[in-house]
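Chain by chain, the residues run as shown.
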Amino acid sequence: MILLGHTFPPDIRVDKELQALCGSGREIHLMTELGKDQKPLEIAYGGKGYIHRYSIKVRSALLRFVTGAYFHLIRREYVKHIADFIVQNDIQILHVHDLNFLPTVFYTIRKYKFDVKVVADLHENMPAAWVAYRSDNCWPLRLLRSIIYNYRIWKRAEKKCFLQCAAVIAVVPEAKKRMLEYGVDPKKIWVVSNTENQQTFPFSREQANAEIIQKYQDDFVISYIGGLGPHRGMQTLIKGFERIANEMPSARLLIVGAKQKDSVAIQKMLAKVKDPLIRGRVEIIGWVPFSDVNSYVLASNVCTVPHEDFEHTQTTIPHKLFQYMICRSPVLVSDCAPLKRIIGDNDAGYVFKAGDSASLASAVREMNSNWAEVKRRVEKAFDLAAGEYSWTRDAERLKKMYQEILN
């Protein structure tokens, strides 16, 4: 496996895949970057997983621009390290996480004439993600980022790489459909989603943090838990909360997982809320240990995925959705295609129109007025998360894909 650009852990998806593949008897080597206080080599996953951490001197943004790395997409400072990783560990298949390093991996294979197959694991639609990430920038910065993270260049690279892969992994059928438009053989595309099960995400109240549960037991908690960014819908969520806050005196909005820069952005959104009492009922909580995530989910009356309508959000799915479902917590999502398909089409929660705070507020009112119906949908969501949308099934698909490649 290749996971570059950051360290490991943490990465929920990579961790689950390593557990599944090592559990099937394979010997798995993960190449990632060396972080502070980390060991260069770590043996894990029952002795079948080897985590190789490399100290790589990353080129500055200016040097990458001057050398054209933003346009040919090859990170030359990584090439020798990738080659060493392949040779030293006798690698047969390279499982590359995300598009960012696929061009570099294929360049390395060509340069050293390696006989290695490549699997692309696409966590998200990266060309569209760059567009979403810069959507709230000021126009000069947005223009600059549209040049150095050019949508058309990344789309061309994506198509070229996908056609060379032994297999391509998508997280939702909507992403698979996008790959088919490139002419990729349907038999090479596998959907392995961001689902959970009891082993990957403990969800019983007995395992939860009692202090977190007790802190919010008298509140009607509306929560968002996870990574933030302009595509995540925080502005819609805050405006929606403002609409219902006076009607529901016990309502509290929790935003969990905010980095410092995200907290600043959210505070700017909150500054537009006129009533200081309503602003005081919005709580921004920074990074929390993964072991506490389920406690915030279990403490919530409404768990939200308020994604905005971007090409990016129409072709991906977050882990948090399945974490909400498996915790038997009520779910409220926007009508982005994958969310609407799983929640709306299965009557497993509530759906509002993306970007529409009035629609979000209306859905919260509906949930608050008929708790018996909410509980019925919660059970439907749990059944889906424990069955059709369980990591147990996705892990089996992943293992089956490798069996077919190796055969």
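## With respect to the overall build of the protein
Right, so step 1: Helices and strands together make up the secondary structure of the protein, namely 19 helices and 14 strands.
Right, so step 2: Taking 22 Å as the expected radius of gyration for a compact globule of 407 residues, we find that the protein reaches 22 Å, a close match to that expectation.
Right, so step 3: Overall, the C-alpha framework of the protein stretches about 65 × 50 × 45 Å when taken along its three principal axes.
Right, so step 4: The proportion of buried residues among the 407 residues of the protein is 54%.
Right, so step 5: Put simply, 69% of the contacts in the protein that link residues at least 6 apart link residues at least 24 apart.
Right, so step 6: Total accessible area on the protein is roughly 18,700 Å²; 51% of this is exposed by carbon and sulfur atoms.
Right, so step 7: Of note, the protein has its 57 positive side-chain charges centred 7 Å away from the centre of its 45 negative side-chain charges.

## Considering the packing of helix α4 (residues 76-88) against helix α5 (residues 102-112)
Right, so step 1: Between α4 and α5, the shortest axis-to-axis distance is 9 Å and the interhelical angle comes to 60°. By the criterion of interaxial angle, the relationship of α4 to α5 is oblique. When the axes of α4 and α5 are compared, the crossing they make is right-handed. Across the interface between the two elements, Arg76, Tyr78, Val79, Lys80, Ile82 and Ala83 from α4 touch Thr104, Val105, Tyr107, Thr108, Lys111 and Tyr112 from α5.
Right, so step 2: Looking at the contact of α4 with α5 residue by residue, the classes come out as seven nonpolar, two polar and three charged.

## Concerning the sheet that holds strand β13 (residues 331-334)
Right, so step 1: Pairing is parallel in the open sheet, where six strands are placed in the order β11-β10-β9-β12-β13-β14. The open sheet terminates on both sides in strands that have one partner only, identified here as β11 (282-285) and β14 (350-352). Strand-to-strand, the axes of this sheet are offset by a mean angle of 25°, without reference to chain direction.
Right, so step 2: Relative to the sheet, helix α17 (residues 357-369) contacts β9 (220-225), β12 (302-305), β13 and β14, its axis offset from that of β13 by approximately 160°.

## Considering a nonpolar patch on the surface
Right, so step 1: On the surface, Leu62, Leu63, Phe65, Val66, Phe71, Trp139, Leu143 and Ile147 cluster together into a nonpolar patch covering about 830 Å² of accessible area.
Right, so step 2: Breaking the nonpolar patch down by element, the ones donating at least two residues are α2 (61-66) and α7 (139-148).
Right, so step 3: By residue number, the principal contributor to the nonpolar patch is α2, which donates four residues.
Right, so step 4: Counting through the fold element by element, Phe71 comes out in helix α3 (residues 69-72).

## Re the side chain of Ser329
Right, so step 1: Inspection of the secondary structure puts Ser329 in the loop between α15 (319-326) and β13.
Right, so step 2: Apart from the residues within four sequence positions on either side, Ser329 is in contact with Val297, Leu298, Cys303, Tyr324 and Val378.

## Observations regarding helix α12 (residues 260-270)
Right, so step 1: What α12 keeps buried is the set Asp262, Ile266 and Leu270. Within α12, the buried residues cover an arc of 80° as seen down the axis, which keeps them to one side. Along α12, exposed side chains directed more than 90 degrees from the buried face belong to Gln260, Lys261 and Lys268.
Right, so step 2: Those residues of α12 hidden inside the fold are in contact with α11 (234-244), β10 (251-256), α13 (276-279) and β11.

## Brief notes about the packing of α11 against α12
Right, so step 1: α12 packs onto α11 with a crossing angle of 40° between their chain directions and a minimal axis gap of 10 Å. In this view, α11 runs oblique relative to α12, as classed from their interaxial angle. The handedness of the crossing between α11 and α12 comes out as right-handed. Contact residues: Met234, Gln235 and Ile238 in α11; Ile266, Met269 and Leu270 in α12.
Right, so step 2: Taken together, the residues of the contact of α11 with α12 sort by class into five nonpolar, one polar and no charged.

## Details of unusual backbone geometry
Right, so step 1: Cis geometry marks the peptide bond from Phe8 to Pro9; its omega dihedral reads -10°.
Right, so step 2: Relative to the helices and strands, Pro9 resides in the loop between β1 (2-7) and α1 (12-23).
Right, so step 3: Residue Pro10 is bonded to the preceding Pro9 through a cis peptide linkage, with omega at 5°.
Right, so step 4: Within the secondary structure layout, Pro10 lies in the loop between β1 and α1.
Right, so step 5: In the Ramachandran plot, Asp37 falls in the positive-phi region, its phi being about 65° despite a non-glycine side chain.
Right, so step 6: As for its placement among the helices and strands, Asp37 is situated in the loop between β2 (28-33) and β3 (41-44).
Right, so step 7: Asp37 gets classed as exposed once you look at its relative accessible area, which sits at 75%.
Right, so step 8: Residues other than glycine seldom take positive phi values, yet Asp347 does so here, at roughly 55°.
Right, so step 9: Position of Asp347 relative to the elements: it lies in the loop between α16 (337-344) and β14.

## Overview of the pattern of salt bridges
Right, so step 1: Enumeration over the complete set of coordinates arrives at 21 salt bridges.
Right, so step 2: We note a salt bridge from Glu373 to Arg376, for which the minimum N-O separation is 2.8 Å. Here Glu373 pairs with Arg376, and both are found in helix α18 (residues 371-386), just three residues apart, close to one helical turn.
Right, so step 3: By relative accessible area, which is 40% here, Arg376 ends up partly exposed.
Right, so step 4: In this structure, the salt-bridge partner of Arg397 is Asp394, at a minimum N-O distance of 2.5 Å. With Arg397 and Asp394 both in helix α19 (residues 391-406) and three residues apart, this pair spans about one turn of that helix.
Right, so step 5: Overall, Asp394 belongs to the buried group, its relative accessible area being 1%.

Rules of the game
- Residues numbered from 1 in each chain as written.
- Predicted model: local features only at pLDDT ≥ 70, side-chain atom pairs only at ≥ 80, totals over all residues.
- Heavy atoms only, no water.
- Helix = DSSP H or I, 4+ residues; strand = E, 2+ residues; numbered from the N terminus.
- Rg over C-alpha atoms; globule rule 2.2 N^0.38 Å.
- Buried < 20%, exposed > 50% of the residue type's maximum accessible area, 1.4 Å probe, protein only.
- Contact = heavy atoms within 4.5 Å.
- Areas by Shrake-Rupley, 256 points an atom, 1.4 Å probe, with all protein chains shown as cover.
- Lys, Arg positive; Asp, Glu negative; His and termini not counted.
- Charge placed at Lys NZ, Arg CZ, Asp CG, Glu CD.
- Axes fitted to C-alpha atoms, helices over the stretch in contact; angles between N-to-C directions.
- Parallel < 35°, antiparallel > 145°, perpendicular 65-115°, else oblique.
- Left-handed = near helix turned anticlockwise from the far one by under 90°.
- Nonpolar A, V, L, I, M, F, W, Y, C, P; charged D, E, K, R; others polar.
- Pairing = 2+ DSSP bridges.
- Patch = residues over 30% accessible without salt bridge, like charges linked within 9 Å, V, L, I, M, F, W, Y side chains within 5 Å.
- Salt bridge = Lys/Arg side-chain N within 4 Å of Asp/Glu carboxyl O.
- Arc of directions from axis to C-beta.

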